[in-house]
Amino acid sequence: MTVSPVEVRGAVSSHELVKIYGNGPAAVRALDGVSVRFRAAQFTAIMGPSGSGKSTLLHCLAGLDKADAGTVHIGQAELTSLDDTRLTRLRRDRVGFVFQSFNLLPTLTAEENILLALRLAGRKVDRAWFATIVDMLGLRDRLRHKPGELSGGQQQRVACARALVGKPDVVFADEPSGNLDSRTGADVLEFLRTSVHDLEQTVVMVTHDPVAASYAGRVVLLADGRVAGEIHQPTPESVLGVLARLGA
Ligand code: ADP
């Protein structure tokens, strides 16, 4: 099989991923053989009932947690074969994160937060790319503000800029609109969608919200630690219908 360069750059995949918490009779197979592929320049939502393994999968795909068996690829790097130093470097250089709780450093300005990881890595800032993202997010006149001087929606937009400024292979978003009201949440989801369509970024998002999932081009469904299906071009209604069948 030949793989195009774009796919190699951005694709994330897992093969037969297994994650077990605890041992003996109390052991929980949070992931029970998950094989899934996320293409470059696609926006995918991971959904499923509570306890189906969504967070565990995101953490294993992002190298924040170690699986017990199986493999994870980000581009051509195989995560489970990397030592901790290389894994930390890969996360820093090639992965962007957007968390529900923003996770900005309170003593730094918005601009310093956005650029921190690049500065720590000694990487050069692509000022044109920085300006493109900041303008798309409407943050130009907020760059000197500290997080405490920004609304929740503005803080999450700073977190989005931070995730994208290093042109990562993939952005992992964990309930990115979970702490926001529906209008500011929609702004953040719309930005993620635009970053995929216009900037060819790759976004993988965990959410329990069918409306949030409908911003994605594809929904991957989990149930009991396994892939239970997928929906292309999801709508809130189609997602709700499938989740109801899965017992969410
Ligand atoms: P979801 O994100 O879909 O709600 P999780 O990935 O959080 O699901 O959890 C999947 C399963 O693994 C659940 O049964 C959960 O109770 C269990 N689990 C998750 N994290 C831990 C942990 N740190 N210790 C023990 N069990 C855990």
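Look above for the structure.
Only a predicted model underlies this, so the values are computations on that prediction, with no experimental measurement involved.

J.: Explanation requested: the sheet that holds strand 4 (residues 69–74) in the structure shown.
T.: Neighbouring strands of a sheet are bound in pairs by backbone hydrogen bonds; such pairs are parallel or else antiparallel. Reading across from one edge, 2-1-4-5 is the order of the four strands in this open sheet, with antiparallel pairing throughout. A strand with exactly one partner marks an edge of an open sheet, and here the two such strands are strand 2 (28–38) and strand 5 (77–78). Note: strand 4 against strand 5, two bridges, orientation antiparallel. Within the sheet, the bridge partner assigned to Ile74 lies in strand 5 and is Ala77.

J.: Is there a simple way to explain the side chain of Gln156 in this structure?
T.: Mapping Gln156 onto the fold places it in helix 6 (residues 152–164). Among the polar contacts listed, one links the side chain of Gln156 to the backbone oxygen of Pro176, at a separation of 2.8 Å. The residues touching Gln156, leaving out its near neighbours within four places in the chain, are Val98, Phe99, Gln100, Phe102, Pro176, Leu180 and Val188.

J.: Help me out: how do you make sense of the nonpolar core in this one?
T.: A general feature of soluble globular proteins is that nonpolar side chains tend to end up buried together. Among the nonpolar cores identified, the biggest contains 47 residues, and Phe43, Ile114, Phe130 and Val219 are the most heavily contacted of them. For this core, the leading source of residues is helix 6, giving six residues. Residues contacting Phe43, with those up to four places away along its chain left out, are Leu189, Leu192, Arg193, Val196, Val203, Met205, Tyr215, Ala216, Gly217 and Arg218. Among the nonpolar cores identified, the runner-up in size contains 28 residues, and Ile74, Leu87, Val95 and Phe97 belong to it.

J.: Whenever I open this one, the site of the ligand confuses me. Can you help?
T.: Near the ligand the following residues occur: Tyr21, Val28, Ala30, Pro49, Ser50, Gly51, Ser52, Gly53, Lys54, Ser55 and Thr56. At a separation of 2.8 Å, an oxygen atom of the ligand approaches a polar side-chain atom of Lys54. A distance of 2.6 Å separates an oxygen atom of the ligand from a polar atom in the side chain of Thr56. Isolated, the ligand exposes 560 Å² of accessible area, and the fraction of that covered by the protein chains is 57%. If you list the elements that add at least two residues to the shell around the ligand, you get strand 2 and helix 2 (54–61). A total of three residues in the shell around the ligand trace back to one element, the largest contributor, which is helix 2.

J.: Quick question: what am I supposed to make of helix 9 (residues 236–246) here?
T.: Because the α-helix completes a turn every 3.6 residues, residues three or four places apart line up on one side. All of the buried residues in helix 9 are Val239, Val242 and Leu243. All buried residues of helix 9 project into a common sector of 100° when viewed along the axis, lining one side. Set apart from the buried face of helix 9 by more than 90 degrees, the exposed residues are Glu237, Leu240, Ala244 and Arg245. Structurally, helix 9 contributes buried residues whose contacts are with strand 3 (43–47), helix 8 (210–213), strand 9 (218–223) and strand 10 (226–232).

J.: Can you walk me through the pairing of strand 8 (residues 203–206) in this structure?
T.: Two faces make up the sheet, and in a regular strand the side chains alternate between them. On strand 8, burial covers both faces: Val203 and Met205 on one face and Val204 and Val206 on the other are all buried. Here strand 3 runs beside strand 8; their pairing, made up of four bridges, is parallel. Paired with Thr44 across the bridge in strand 8 is Val204. With four bridges connecting them, strand 7 (residues 170–174) and strand 8 associate as parallel partners. Its bridge partner lying in strand 8, Ala173 is registered against Met205. For the crossover from strand 7 across helix 7 (residues 182–197) to strand 8, the handedness is right-handed.

Parameters at a glance
Residues numbered from 1 in each chain as written. Predicted model: local features only at pLDDT ≥ 70, side-chain atom pairs only at ≥ 80, totals over all residues. Heavy atoms only, no water. Pairing = 2+ DSSP bridges. Helix = DSSP H or I, 4+ residues; strand = E, 2+ residues; numbered from the N terminus. Polar contact = N/O pair within 3.5 Å; in protein donor to acceptor, adjacent residues only side chain to side chain. Contact = heavy atoms within 4.5 Å. Core = buried A, V, L, I, M, F, W, Y, C linked by side-chain atoms within 4.5 Å. Buried < 20%, exposed > 50% of the residue type's maximum accessible area, 1.4 Å probe, protein only. Near = heavy atom within 4 Å. Areas by Shrake-Rupley, 256 points an atom, 1.4 Å probe, with all protein chains shown as cover. Arc of directions from axis to C-beta. Right-handed = clockwise from strand over helix to strand, strands pointing away.

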